[in-house]
Amino acid sequence: MKRKPLFNLQEMYMKKILFLFFAFLGMTAVQVQQSSGDYFEGLSRKIGFSQMIPPHGLEITYDKTVHIIPPSPVKYVDLGSTNLIAGKADGAENVIRVKATRKHFREETNMSVITEDGNFYTFNVKYADEPLLLNVEMCDFIHDGETVNRPNNAMEIYLTELDNESPRLVRLIMKSVHERDKRRIRHIGCKRFGVQFLLKGLYSHNDLLYFHTEVKNSSNVPFDMDFVTFKIVDKKVVKRTAIQEQVIYPLRAYNYITRVDGKDSECTVFALPKFTIPDDKKLVVEMYEKQGGRHQIFELGNEGLVRVETINELKVR
């Protein structure tokens, strides 16, 4: 029997050793690639219940409409499945109507709502032949979670129309200015036909301006307000030339009045985007009476705008 040379046996053994070595490396690589089920192999922090916004349970049906009434206009609605249909009620900005698109669906779904005041609401939705609640008002659900150490709804949704300012902070500022009711400005306003339209204060915070106005009705005839306009116009208008106007639309209004009874007064705080007034222009604020002629108007120049008071958010209550 012819024996194999010794160097052939050594070569064969080396090949087996190399094969086993590379097979081991391959198994190790496969094990490394396999996930343990945790994000970043268990190195990420899990979201706790203290960060969770508990959803509200909502029952809907096919033959009846469920209405949800948040405290401010609705900006965004998202539906979890095609089993739901929702939309704003005609003529109302803070009423959402919800129905099922098919009968007796079994899968639970969800719905999310964002309102103008920065609140975020979430609902777990299921089908019911006879929903227990057909009209739901969300006012009682608003709190910041201090009593239960857990948020019931988020109140810090930032909106682009407010220059990414917190709607909750904007509302607190307007409310604080209104409740303090201090007259910082005493020389800007007008009085016509027994009605006074005054600018009581002018404040700023970040990229927003706050106009504190007051309407005094010393007559016996109620004053029904139609609308208020803010616009920048030229100081001097040459005849036969086009008048250039820049209209500034208020972003928010606190205690927006529509009627001032006789011998009564009301205050309103308007939040406007930050702006400046060139030397050759002026800000004109006009208030029109509905079906009447007692229109009010006052003007503000750049010298008055630069004296705006800065609001310290630490003093806002």
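Source: prediction; values computed, not measured.

### Comments concerning the overall build of the protein chain
- Looking only at helices and strands, one finds three helices and 19 strands in the protein chain.
- With 317 residues in all, the protein chain has 35% of them scored as buried.
- Long-range pairs, those at least 24 residues apart, make up 65% of the contacts in the protein chain with a sequence separation of at least 6.
- Surface summary for the protein chain: the accessible area is close to 20,500 Å², and the carbon and sulfur share equals 52%.

### A closer look at the pairing of strand β10 (residues 195-205)
- In terms of residue burial, β10 counts as a mostly covered element, since 10 of its 11 residues are buried.
- In terms of strand pairing, strand β9 (residues 189-192) meets β10 through four bridges, oriented antiparallel. Pairing of G189 across the sheet is with L198, part of β10.
- Between the antiparallel neighbours β9 and β10 lie two residues, among them F193 with a positive phi of about 55 degrees.
- Examined bridge by bridge, β10 and strand β11 (residues 208-217) share 10 bridges and lie antiparallel to one another. In the sheet register, S204 faces β11, and the bridge partner there is L209.
- Two successive antiparallel strands, β10 and β11, enclose a turn made up of two residues, where N206 displays a positive phi of approximately 55 degrees.

### As for the sheet that holds strand β5 (residues 96-100)
- With mixed pairing, the four strands of this open sheet are ordered in space as β4-β5-β2-β8. Edge strands, defined here as strands with exactly one partner in the open sheet, are β4 (84-88) and β8 (135-137). The mean angle between the axes of side-by-side strands here comes to 20 degrees, regardless of whether they run parallel or antiparallel.
- By the bridge criterion, three bridges tie strand β2 (residues 66-69) to β5 in an arrangement that is antiparallel. Within β5, the residue paired with I68 across the bridge is I96.

### Quick word on empty space enclosed by the protein
- Enumeration according to the criterion identifies one cavity of 30 Å³ or more in this entry.
- By volume, the largest cavity amounts to about 40 Å³.
- Along its surface, the largest cavity is lined by F197, T213, V215, M225, V228, Y256, I257, T268, F270 and M287.
- Contributing elements (two or more residues each) for the lining of the largest cavity: β11, β12 (223-234) and β16 (264-273).
- Of the residues that constitute the lining of the largest cavity, the class distribution is eight nonpolar, two polar and no charged.

### A short note on the nonpolar core
- F211, F230, F275 and L283 are the most contacted members of the largest nonpolar core, which has 28 residues in total.
- Of all the elements, β12 adds the most residues to this core, at five residues.
- Every residue in contact with L283, bar those within four places of it in the chain, is listed here: F211, F230, K231, I232, F275, I277, F298, E299 and L300.
- The next biggest cluster of nonpolar side chains, apart from the first, holds 18 residues, and it includes V66, L84, V136 and M138.

### What to know about the side chain of T109
- Of note, T109 is situated in strand β6 (residues 109-115).
- With relative accessibility at 9%, the residue T109 sits in the buried group.
- Looking at T109, its side chain comes within polar contact range of the main-chain nitrogen of S81, at 3.4 Å.
- Residues contacting T109, with those up to four places away along its chain left out, are G80, S81, L84, F123, N124 and V125.

### Thoughts on the pattern of salt bridges
- Scanning the entire structure with this criterion turns up 16 salt bridges.
- Notably, a salt bridge pairs E245 with K231, separated by 3.6 Å at the nearest N-O pair. With E245 in strand β13 (residues 245-248) and K231 in strand β12, the pair connects residues that are 14 residues apart, well separated along the chain.
- Given the relative accessible area of 15%, K231 is considered buried.
- For E286, the salt bridge identified is with K231, shortest N-O distance 3.0 Å.

Reading guide: rules and limits
- Residues numbered from 1 in each chain as written.
- Predicted model: local features only at pLDDT ≥ 70, side-chain atom pairs only at ≥ 80, totals over all residues.
- Heavy atoms only, no water.
- Helix = DSSP H or I, 4+ residues; strand = E, 2+ residues; numbered from the N terminus.
- Buried < 20%, exposed > 50% of the residue type's maximum accessible area, 1.4 Å probe, protein only.
- Contact = heavy atoms within 4.5 Å.
- Areas by Shrake-Rupley, 256 points an atom, 1.4 Å probe, with all protein chains shown as cover.
- Pairing = 2+ DSSP bridges.
- Axes fitted to C-alpha atoms, helices over the stretch in contact; angles between N-to-C directions.
- 1 Å grid on protein atoms, 1.4 Å probe; cavity = no way out; pocket = protein on both sides within 12 Å on 5 of 7 lines; lining within 4 Å.
- Points joined across faces, edges and corners; volume = space filled by probe spheres on them.
- Nonpolar A, V, L, I, M, F, W, Y, C, P; charged D, E, K, R; others polar.
- Core = buried A, V, L, I, M, F, W, Y, C linked by side-chain atoms within 4.5 Å.
- Polar contact = N/O pair within 3.5 Å; in protein donor to acceptor, adjacent residues only side chain to side chain.
- Salt bridge = Lys/Arg side-chain N within 4 Å of Asp/Glu carboxyl O.

As far as function goes, none of this settles anything; it's purely spatial.
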